[in-house]
Amino acid sequence: MFCPFCKSLDIRKVFGDILKCEKCGITFLDFEKYSGRTDNIYDEEYFRGKVYYDYFREMSVRIKVFKDKLQLIQEYLPRMGRVLDLGCAMGFFLKVMKERNYEVYGVEVSKYAAGYAKNSLNLNVHEGDLQSADFHDEFFDIITMWDVLEHLSNPQETLIEIKRILTGNGVLIIETLNIGSLTARILKKNWPLYFPPYHLFYFSLKALKNVLAETGFSVIKIIPIQTYLKTRQGFKVFKYFKNPILRKVLGAFLNDVICCLAIKSIRGS
Ligand SMILES: [Zn+2]
């Protein structure tokens, strides 16, 4: 087993089937153990019953959560322009952004979810991975990945492609789990976000900043998020600290999810 990022053989076990590269610090699922088990896993079952109780029925709650998230970050976002939601699922975030007069695009590997976004919400969604969408250079003003980075089999490659299609003043928003959080450290295998074979990469804040720097991004804002330790059981308990003081104080300990805003760095293009 070698590191999928730097190819180092200096690997140690963290907990469960999670491995860490001692050289570059990236934490990842033992892919060899799950080979062949990650194909076509984002089917209808994934959204209805297997992983989510019923993603579609949660639409109104999910839209509210996206609106809450936007409130926390809107001062950093361009007021208009093109938005790409990578891993857009059924397109709920795009629906919110479209109502705010952005020009919206989605990319989604799940045929089931992409089909819903296209046919029922009438959104411009490409079914497949980001590379196959083949967008023009510097096409998007905002690119979002809500709980998607940890699902990708090659996050580095995806970030490099994002850099190509993001405008010079564009903002990249990544929400992903935080394996460096106190919750993850205490709960280990029982941490709800330890979730093979769906979650393949487990970033800490430091590792996330490193991979962003290496792929040509600078972090401008980090917003800590906690999930009340119950993500899988029920989406409704997934909450942000709305009070800014609580967000700062408790977030430092319980931030098992990170929302990270980044821009293209001037160097390393
Ligand atoms: Zn490595």
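Everything discussed here concerns the structure shown above.
Everything numeric in this text was worked out from a predicted model, so none of it was measured. (Residues numbered from 1 in each chain as written. Predicted model: local features only at pLDDT ≥ 70, side-chain atom pairs only at ≥ 80, totals over all residues. Heavy atoms only, no water.)

Visitor: Please explain the sheet that holds strand 2 (residues 18–21) as it appears in this structure.
Guide: Two pairing modes exist for strands in a sheet, parallel and antiparallel, and in both the strands are linked by backbone hydrogen bonds. With antiparallel pairing, the three strands of this open sheet are ordered in space as 1-2-3. Since the sheet does not close on itself, it has two edges, and those belong to strand 1 (11–15) and strand 3 (27–29), each with one partner. Taking the axes of each pair of neighbouring strands and ignoring which way they run, one obtains an average angle of 40° across the sheet. Bridge count for strand 1 against strand 2 is four bridges, and the pairing is antiparallel. The residue bridging K13 from the neighbouring strand is L19, located in strand 2. (Pairing = 2+ DSSP bridges. Helix = DSSP H or I, 4+ residues; strand = E, 2+ residues; numbered from the N terminus. Axes fitted to C-alpha atoms, helices over the stretch in contact; angles between N-to-C directions.)

Visitor: Is there a simple way to explain the nonpolar core in this structure?
Guide: Most often, soluble globular proteins have nonpolar side chains that are buried together. In terms of nonpolar packing, the biggest core is built from 89 residues, with I73, F135, M145 and L172 touching the most fellow members. Excluding anything up to four places from it in sequence, F135 contacts L84, Y105, V107, L130, F140, R164 and I165. (Core = buried A, V, L, I, M, F, W, Y, C linked by side-chain atoms within 4.5 Å. Buried < 20%, exposed > 50% of the residue type's maximum accessible area, 1.4 Å probe, protein only. Contact = heavy atoms within 4.5 Å.)

Visitor: Can you walk me through the packing of aromatic side chains in this structure?
Guide: Where two aromatic rings form a pair, the distance of their centres and the angle of their planes describe that pair. According to the stated counting rule, one finds 17 aromatic pairs in the structure shown. With a centroid separation of 5.6 Å and an interplanar angle of 55°, the aromatic rings of F31 and F201 are classed as tilted. Of this pair, F31 sits in helix 1 (residues 31–34) while F201 is found in the loop between helix 8 (182–187) and helix 9 (205–214), placing the two residues 170 residues apart along the sequence. Assessed through its relative accessible area of 24%, F31 is described here as partly exposed. Members of the aromatic cluster, joined through ring pairs, are F5, F28, F31, F201 and F203. Lying over the aromatic face of F139, R82 brings its terminal NZ or CZ to 3.9 Å of the ring centre. (Phe/Tyr/Trp six-rings, centres within 6.5 Å; stacked < 30°, edge-to-face > 60°. Lys NZ or Arg CZ within 6 Å of the ring centre and 35° of its normal.)

Visitor: For this particular structure, what's the right way to read the pattern of salt bridges?
Guide: Across all of its chains, the model carries nine salt bridges by this definition. Across the pair D137 and R164 runs a salt bridge, and its minimum N-O distance is 2.6 Å. Taken as a pair, D137 in the loop between helix 6 (130–133) and strand 7 (140–146) and R164 in helix 7 (residues 155–165) lie far apart in primary sequence, 27 residues in all. The partner of K264 in a salt bridge is E138, with the nearest N and O atoms 3.4 Å apart. Placement of K264 in strand 10 (residues 257–264) and of E138 in the loop between helix 6 and strand 7 is noted, with a sequence separation of 126 residues between them. Given a relative accessible area of 15%, K264 falls into the buried group. With relative accessibility at 46%, the residue E138 sits in the partly exposed group. (Salt bridge = Lys/Arg side-chain N within 4 Å of Asp/Glu carboxyl O.)

Visitor: What is the right way to read unusual backbone geometry from this model?
Guide: Most of the time, phi is negative for any residue but glycine, and the peptide bond is trans. A cis amide bond, omega 0°, links P196 with the succeeding residue P197. Notably, N122 is not glycine yet its phi reads approximately 60°, a positive angle. As for its position among the elements, N122 is in the loop between helix 5 (111–119) and strand 6 (125–127). Take N122: its relative accessible area is 61%, and that puts it in the exposed class. Of note in the backbone geometry, D134 takes a positive phi value of approximately 55° without being a glycine. Tracing the sequence through the fold places D134 in the loop between helix 6 and strand 7.

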